[in-house]
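Each chain is listed here by its residues.
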Amino acid sequence: LSRLFFGRSAEFLIAGIAPIGMAMFVIGLLFFQSVLGFKRNFPLAYKASNVVILLFLITFATFFAGFRYEANLVTIILADLTSLLIWIVTFLAVRRKFSYAKFLLAGWIITLLSSLVFHFRFIGALPNNELTSFIILLPHFIEVVLLSLGIAELMDQIRSEKQHAVQMHQIAEGQVL
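1. Notes on the packing of aromatic side chains
Working step 1: A full pass over the atoms with the stated rule returns 4 aromatic pairs.
Working step 2: On the numbers, 5.5 Å between centres and 85° between planes, the contact of Phe31 with Phe32 is edge-to-face.
Working step 3: Measuring from centroid to centroid gives 6.3 Å for Phe38 and Phe42, while their planes differ by 75°, and the two rings are edge-to-face.
Working step 4: What makes Phe42 buried here is its relative accessible area of 5%.
Working step 5: Here the aromatic residues Phe38, Phe42 and Phe98 are joined through ring pairs into a cluster of three or more.

Encoded structure:
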């Protein structure tokens, strides 16, 4: 069935799933760093996320150096650490009343649930078939929708803060004159 949808690239996708997964997690981590303001709001998480990205890059290099099995195992561990880090920081952002973080948290929970299915397939607890192999794609679609809603709310928040700042500036200018 995968050959029907992906043609000749099916073998490459299956063989290269670890680097593709690594790239997805690094991009996701960079996204969350940016949207949640890791550097400013969560400095410890920012440092931890940079270490995880460095480890992903090292694992990426070992994959192409021929250590595919080992790289796959390390990728699973790093992916779990990345997921946990993002989940914790997003939860903290919700607790700190970041209005848009609730969408990020909901999207990330859906992604984690699909990752559990993927991991259960990897360890043999679920059958290895087309559905369990590509189960991670559907929740990513749902996650993209939720993340879009979160970003839209963040943009609205920034727009209202800007409008408030402009009003305060105009009031201050009126008082000076």
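2. Describing the packing of helix 5 (residues 43-64) against helix 6 (residues 68-95)
Working step 1: Between helix 5 and helix 6, whose axes approach to 10 Å, the crossing angle comes to 165°. For the element pair helix 5 / helix 6, the angle class is roughly antiparallel. Along this stretch, helix 5 crosses helix 6, giving a crossing that reads as left-handed. Counted together, Ala45, Ala48, Ser49, Val52, Leu55, Phe56, Thr59, Thr62 and Phe63 of helix 5 and Arg68, Ala71, Asn72, Val74, Thr75, Leu78, Ala79, Thr82, Leu85 and Val89 of helix 6 form the full contact between these two elements.
Working step 2: Looking at the contact of helix 5 with helix 6 residue by residue, the class counts come to 12 nonpolar, 6 polar and 1 charged.

3. Topic: helix 7 (residues 101-123)
Working step 1: Here helix 7 is 23 residues long and its end C-alpha atoms lie 32 Å apart, about the 33 Å a rise of 1.5 Å per residue gives.
Working step 2: Within helix 7, the full set of buried residues consists of Ala101, Leu104, Leu105, Gly107, Trp108, Thr111, Ser114, Ser115, His119 and Arg121.
Working step 3: Gly124, located one to two residues past helix 7, shows a positive phi value of around 95°.

4. Points about unusual backbone geometry
Working step 1: With a phi angle near 70°, Lys97 is a residue other than glycine that sits in the positive phi range.
Working step 2: On the secondary structure map, Lys97 appears in the loop between helix 6 and helix 7.
Working step 3: Assessed through its relative accessible area of 70%, Lys97 is described here as exposed.

5. A few points about the nonpolar core
Working step 1: Core analysis: the biggest nonpolar cluster contains 28 residues, and Phe32, Leu36, Phe38 and Phe42 have the highest contact counts within it.
Working step 2: Mapped by element, the contributors of at least two residues to this core are helix 3 (17-36), helix 5, helix 6, helix 7 and helix 9 (137-176).
Working step 3: Ignoring any residue separated from it by four or fewer positions in sequence, one finds Phe42 in contact with Leu36, Gly37, Val89, Leu92, Ala93, Arg96 and Phe98.

6. Details of the pattern of salt bridges
Working step 1: If you walk through the whole model with that rule in mind, you get 2 salt bridges.
Working step 2: Notably, a salt bridge pairs Lys102 with Glu153, separated by 3.6 Å at the nearest N-O pair. Taken together, the residues span a long stretch of sequence, with Lys102 in helix 7 and Glu153 in helix 9 at a distance of 51 residues.
Working step 3: Judged by relative accessible area, which is 45%, Lys102 ranks as partly exposed.
Working step 4: The class of Glu153 is partly exposed, set by a relative accessible area of 22%.
Working step 5: Between Arg159 and Asp156 there is a salt bridge, with the nearest N and O atoms lying 3.0 Å from each other. With a gap of 3 residues between them, Arg159 and Asp156 both fall in helix 9, about one helical turn apart.

Rules of the game
- Residues numbered from 1 in each chain as written.
- Predicted model: local features only at pLDDT ≥ 70, side-chain atom pairs only at ≥ 80, totals over all residues.
- Heavy atoms only, no water.
- Phe/Tyr/Trp six-rings, centres within 6.5 Å; stacked < 30°, edge-to-face > 60°.
- Buried < 20%, exposed > 50% of the residue type's maximum accessible area, 1.4 Å probe, protein only.
- Axes fitted to C-alpha atoms, helices over the stretch in contact; angles between N-to-C directions.
- Helix = DSSP H or I, 4+ residues; strand = E, 2+ residues; numbered from the N terminus.
- Parallel < 35°, antiparallel > 145°, perpendicular 65-115°, else oblique.
- Left-handed = near helix turned anticlockwise from the far one by under 90°.
- Contact = heavy atoms within 4.5 Å.
- Nonpolar A, V, L, I, M, F, W, Y, C, P; charged D, E, K, R; others polar.
- Expected span 1.5 Å × (residues − 1).
- Core = buried A, V, L, I, M, F, W, Y, C linked by side-chain atoms within 4.5 Å.
- Salt bridge = Lys/Arg side-chain N within 4 Å of Asp/Glu carboxyl O.

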